[in-house]
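The residues making up each chain are set out below.
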Amino acid sequence: MREVRVRFAPSPTGALHIGGVRTALYNYLLARKHNGTMILRIEDTDQSRYVPGAEEYIIKSLEWAGIQIDEGVGKGGSHAPYRQSERKEIYKQYAQKLVDEGNAYYAFDTEAELELMRERLKAQGDPNQQYSSNSRLQMKNSLTLSEAETQQKLNAGEPHVIRFKVPVNQEIYLTDLIRGEVVVNSSQVDDKVLMKSDGMPTYHLANVVDDYLMKISHVIRGEEWLPSAPLHVLLYQSLGWQNEMPQFAHLPLLLKPDGNGKLSKRDADKMGFPIFPLNWKDPATNELAVGYKEVGYLPEALINFLAFLGWNPGTEKEIFSLQELIDEFTIERIGKAGAKFDIHKAQWYNQHYLRSKNNSELASYLLEDLKKENIFCSQEKAEKIAHCLRERVSFPQELRLQSNFFFFAPTQFDEQVILKKWNADAAKLLLAYSTEIKAAKNLNAELAKIILDNTASQLGLKAGQILQVLRMILTGQGSGPDLMLSIEILGSEETTKRINYALQTITIK
RNA sequence: GGUCCCAUCGUCUAGGGGUUAGGACACCAGAUUUUCAUUCUGGUAACACGGGUUCGAUUCCCGUUGGGACUACCA
């Protein structure tokens, strides 16, 4: 097997889509598995779609996800530059070579003329109105113009493109690692523009040239590229690189959760889940799209989830660290069918990975959030809170959300709960309990429970009678973490204070 | 419209000529929990359809249907 060199090659037209993260991940897994090289190439040949900040965003996103780049933009390497806009001269050379050898030609057609061509072909009943072997001879290009005319136009600086001269009626064979053999007749391929009139190459030329020059061994990309793969094969052949052609693997698409179609930002917004790894503020609209990171997804959870969208190891194991994914990954086990994106599964992974953290790690999430609100909390207390909340959270932020009553005493109580259980006996027990708790030394959950049971039996009552009320009084909530543990964290002073407040506030009916 | 790709529970998927078609998420029920959550146990639920090939097809082949991608001087 030749040295594995793969690339992730996004264009900086906005934030990195979650599907792009998966593509990057699969590339990365293959590279690491074979001690190969992961390259980041920025495909910024469309100046009109360039979005400032997108490149940095892509790099940061990959970094957060744990996908490491060995070579490329922001990293350097022996095949630099890795930004296509900086490789203009290189593409020009190869385009020239194609023209010189008769595999490409200059075309001077205007947009209006192209439109006219399509209409004409349509009227003729041509099923696909393409600029190709059956129309190129009717157009204004170096195939129809004399050499002198062409040269004259070129010298005059007339706007022009370079088009690929696709061979007539030729079967193009392409082996895809995921889909097997694909055959397409060249008559279905149009004379694609290789060099645009602004002097920039199109994706097709730049991609092939760069993959060749950067010695890419495997092209792993989304299925949306499958239709143009035959064109790329033809390009490799015309450039004489058929023996160095990379292997192709076209990944199944990520589909929207309901209905059908490619997963889009719109769908994600509608269903209420992120589509981008990190927060992204659209510089054009100033609109903020919340990222997976900010919503509280752990990178290891997202990665595990993403890896299983279209790939699986064939065993029943579903929890995989990045390293385990690297060890197990094979292209052969990537599926062919598109995968609907189910955020529930991602949540489940997140919950799993969050729980695998120890109390001190969980505490630091809580502490961080508290700090933003200027709420003081000791490390010890935070860890205790983490301990009693750890089975109840799927996202780090929930630690703060669910622990509010530890920091703020409730001022209002749900009447429904109070009314149901409140009576003279309950009040009596509560008062007695409050007194005992106040006197207790080294109060902990166990002791709080013993005191409650003892107090109740001394009064000939049952602890169960007031538990619900006690919870409401102490936390302001009808449900929550273990009450005795909560009392331990609250401490004897705060606990008695809250009980007494309730006794004063709630009037017995 | 044309070209190409795809098709197992609601979802992600395993499997493969003869299986009680397996797992996970979700959902439902029961148990545990003084609550809720967790946890445990159990349950509902799938081979799109029609033809072949075959002793036998969900699996192989063809077709149909359905879905998707592409069809720009965007990637």
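Rules used throughout
Residues numbered from 1 in each chain as written. Chains lettered and ligands numbered in written order. Predicted model: local features only at pLDDT ≥ 70, side-chain atom pairs only at ≥ 80, totals over all residues. Heavy atoms only, no water. Pairing = 2+ DSSP bridges. Helix = DSSP H or I, 4+ residues; strand = E, 2+ residues; numbered from the N terminus. Axes fitted to C-alpha atoms, helices over the stretch in contact; angles between N-to-C directions. Parallel < 35°, antiparallel > 145°, perpendicular 65-115°, else oblique. Left-handed = near helix turned anticlockwise from the far one by under 90°. Contact = heavy atoms within 4.5 Å. Nonpolar A, V, L, I, M, F, W, Y, C, P; charged D, E, K, R; others polar. Core = buried A, V, L, I, M, F, W, Y, C linked by side-chain atoms within 4.5 Å. Buried < 20%, exposed > 50% of the residue type's maximum accessible area, 1.4 Å probe, protein only. Polar contact = N/O pair within 3.5 Å; in protein donor to acceptor, adjacent residues only side chain to side chain. pLDDT = per-residue confidence, 0-100.

## Points about the sheet that holds strand β8 (residues 193–195)
Phase 1 of the analysis: The strand order across the open sheet built from three strands is β4-β5-β8, with neighbouring strands paired in antiparallel fashion. Every other strand in the sheet has two partners, leaving β4 (104–107) and β8 as the edge strands with one partner each. Direction aside, the axes of adjacent strands within the sheet are offset by 45° on average.
Phase 2 of the analysis: Pairing between β4 and strand β5 (residues 161–164): four bridges, direction antiparallel. Its bridge partner lying in β5, A107 is registered against V161.

## Let's talk about the packing of helix α18 (residues 424–439) against helix α20 (residues 464–475)
Phase 1 of the analysis: One way to put it is that α18 packs onto α20 with a least axis distance of 11 Å and a crossing angle of 60°. When the axis of α18 is compared with that of α20, the two are oblique. Along this stretch, α18 crosses α20, giving a crossing that reads as right-handed. Residues A426, L429, L430 and Y433 of α18 touch α20, and the partners they reach there are I466, V469, L470 and I473.
Phase 2 of the analysis: Here the contact of α18 with α20 is composed, by residue class, of eight nonpolar, no polar and no charged.

## Brief notes about the nonpolar core
Phase 1 of the analysis: If you look at the biggest cluster of nonpolar residues, it comprises 154 residues, and the most contacted ones within it are I67, F341 and Y433.
Phase 2 of the analysis: Ranked by residue count, the leading element in this core is helix α1 (residues 18–33), at nine residues.
Phase 3 of the analysis: Filtering out sequence-adjacent residues up to four positions away, F341 remains in contact with I18, L254, L255, K256, P257, L263, F273, Y292, F305, L306 and L309.
Phase 4 of the analysis: Within the second largest apolar cluster, nine residues are counted, among which are M117, L121, Y131 and M139.

## Some remarks on the side chain of R179
Phase 1 of the analysis: Looking at where R179 falls in the secondary structure, it is placed in the loop between β6 (171–176) and β7 (180–185).
Phase 2 of the analysis: With relative accessibility at 19%, the residue R179 sits in the buried group.
Phase 3 of the analysis: Only 3.4 Å separates the side chain of R179 from the backbone oxygen of K336, close enough to count as a polar contact.
Phase 4 of the analysis: With residues up to four places along the chain from it excluded, the contact list for R179 reads E223, L226, H250, L251, P252 and K336.

## Points about the confidence of the model for chain A
Phase 1 of the analysis: Model confidence for chain A is summarised by a mean pLDDT of 95, while 99% of its residues fall at 70 or above.
Phase 2 of the analysis: Overall fold confidence for the complex sits at a pTM of 0.95, while the interface term, ipTM, reaches 0.96.

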